[in-house]
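One-letter residues, chain by chain:
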Amino acid sequence: MADNGLNAGFGKAWIWMALLAVICIVGGFMALLNPFGATIFAVTLAGWVFLLQGALQVVSAFRTRDWPGFIWSLGLGVLSLIVGVVLVVNPLAGSISLTLLVAILFLVTGVAKLMFALSLRPFGGWGWGVLSGLISLMLGVLILSDFPESAAAILGLLLGIELVSNGVLFLFVALGLRKLSGGI
């Protein structure tokens, strides 16, 4: 039976998925308990990612100097390096710009979701799209209504909510894999 091999693989995988769930849930609650610290951590981490990406982009650009897009590639790499340095050196200032981007993203996606949902109106379930769009719009407005003060905590709160949400998802996936594998 082909299913036995597949189920045996699930038997081992569910433990790792459950561990990932616990890590996400614990990390999420830590972020929710200290949203300012989580915001600073997230911005600093983003800064290091920009630094790494920028360095790789600059190296890549110089390896392809003869390419017509060399200047653009180099410029993007340098820009990423600058953004990375700014975020790492002053994560609080970086949190302000990132929070503004998140608020704008919520507003734009809220409008897009509403338009999409309204285009689905003859079909069932379109109301859920409207609700999702309204929630996104509301989040964008709430962030902007307390901006820039909201920048100190909003990214940490969003990170915490996302981690807990992912952890719950991974926990249910792990339990499903465990059940599928016949585990205890």
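Residues numbered from 1 in each chain as written. Predicted model: local features only at pLDDT ≥ 70, side-chain atom pairs only at ≥ 80, totals over all residues. Heavy atoms only, no water.

Undergrad: I tried to follow the overall build of the chain on my own but got confused; where do I start?
TA: When its secondary structure is counted, the chain shows six helices and zero strands. Listed by position from the N terminus, the elements making up the chain come as α-α-α-α-α-α. Here the C-alpha atoms of the chain give a radius of gyration of 22 Å, more than 25% beyond the 16 Å that 2.2 N^0.38 yields for 184 residues. Taken along the three principal axes of its C-alpha coordinates, the chain extends 55 × 45 × 40 Å. Within the chain, buried positions represent 26% of all 184 residues. Counting only contacts in the chain whose residues sit at least 6 apart along the sequence, the fraction spanning at least 24 positions is 77%. Between the averaged position of the 7 positive side-chain charges in the chain and that of its 5 negative side-chain charges there is a distance of 12 Å. (Helix = DSSP H or I, 4+ residues; strand = E, 2+ residues; numbered from the N terminus. Rg over C-alpha atoms; globule rule 2.2 N^0.38 Å. Buried < 20%, exposed > 50% of the residue type's maximum accessible area, 1.4 Å probe, protein only. Contact = heavy atoms within 4.5 Å. Lys, Arg positive; Asp, Glu negative; His and termini not counted. Charge placed at Lys NZ, Arg CZ, Asp CG, Glu CD.)

Undergrad: Would you take a moment to explain the packing of aromatic side chains for this structure?
TA: Geometry of an aromatic ring pair is reported as the spacing of the ring centres plus the angle between the planes. For the coordinates displayed, the defined rule picks out one aromatic pair. When the ring of Phe62 is compared with that of Phe70, the centres are 5.5 Å apart and the planes differ by 65°; the resulting orientation is edge-to-face. When its relative accessible area of 14% is taken as the criterion, Phe70 is described as buried. (Phe/Tyr/Trp six-rings, centres within 6.5 Å; stacked < 30°, edge-to-face > 60°.)

Undergrad: When you look at the side chain of Thr39 in this model, what are you seeing that I'm missing?
TA: Take Thr39: it is sitting in helix 2 (residues 35-63). Thr39 sits in the buried class, given a relative accessible area of 0%. A polar atom in the side chain of Thr39 sits 3.4 Å from the backbone oxygen of Ala152. (Polar contact = N/O pair within 3.5 Å; in protein donor to acceptor, adjacent residues only side chain to side chain.)

Undergrad: Would you mind showing me how to read the packing of helix 4 (residues 91-119) against helix 5 (residues 126-145) here?
TA: It is the contact of helix 4 with helix 5, at a shortest axis distance of 7 Å, that shows an interaxial angle of 160°. When the interaxial angle is binned, helix 4 and helix 5 end up roughly antiparallel. For the pair helix 4 and helix 5, the sense of crossing is left-handed. Looking at the contact of helix 4 with helix 5, its residues break down into 17 nonpolar, eight polar and one charged. (Axes fitted to C-alpha atoms, helices over the stretch in contact; angles between N-to-C directions. Parallel < 35°, antiparallel > 145°, perpendicular 65-115°, else oblique. Left-handed = near helix turned anticlockwise from the far one by under 90°. Nonpolar A, V, L, I, M, F, W, Y, C, P; charged D, E, K, R; others polar.)

Undergrad: How should a nonpolar patch on the surface be read in this particular structure?
TA: Where nonpolar side chains cluster on the molecular surface, the patch consists of Trp128, Leu131, Ile135, Met138, Leu139 and Leu142 and spans about 600 Å² of accessible area. By the element assignment, Ile135 lies in helix 5. Note on Ile135: relative accessible area 38%, which makes it partly exposed. (Patch = residues over 30% accessible without salt bridge, like charges linked within 9 Å, V, L, I, M, F, W, Y side chains within 5 Å. Areas by Shrake-Rupley, 256 points an atom, 1.4 Å probe, with all protein chains shown as cover. Salt bridge = Lys/Arg side-chain N within 4 Å of Asp/Glu carboxyl O.)

Undergrad: Help me out: how do you make sense of the environment of Gln53 in this one?
TA: Take Gln53: it is sitting in helix 2. Here the alpha-carbon distance between Gln53 and Leu81, two residues 28 residues apart in the chain, equals 7.7 Å.

Undergrad: For this particular structure, what's the right way to read the nonpolar core?
TA: Soluble globular proteins tend to pack their nonpolar side chains together in the buried interior. Core analysis: the biggest nonpolar cluster contains eight residues, these being Val43, Leu87, Val102, Ala103, Phe106, Ile143, Ile154 and Leu155. Elements with a minimum of two residues in this core: helix 4 and helix 6 (154-181). At three residues, helix 4 tops the list of elements feeding residues into this core. Excluding residues that lie within four positions of it along the chain, Ile154 makes contacts with Thr39, Thr99 and Ile143. (Core = buried A, V, L, I, M, F, W, Y, C linked by side-chain atoms within 4.5 Å.)

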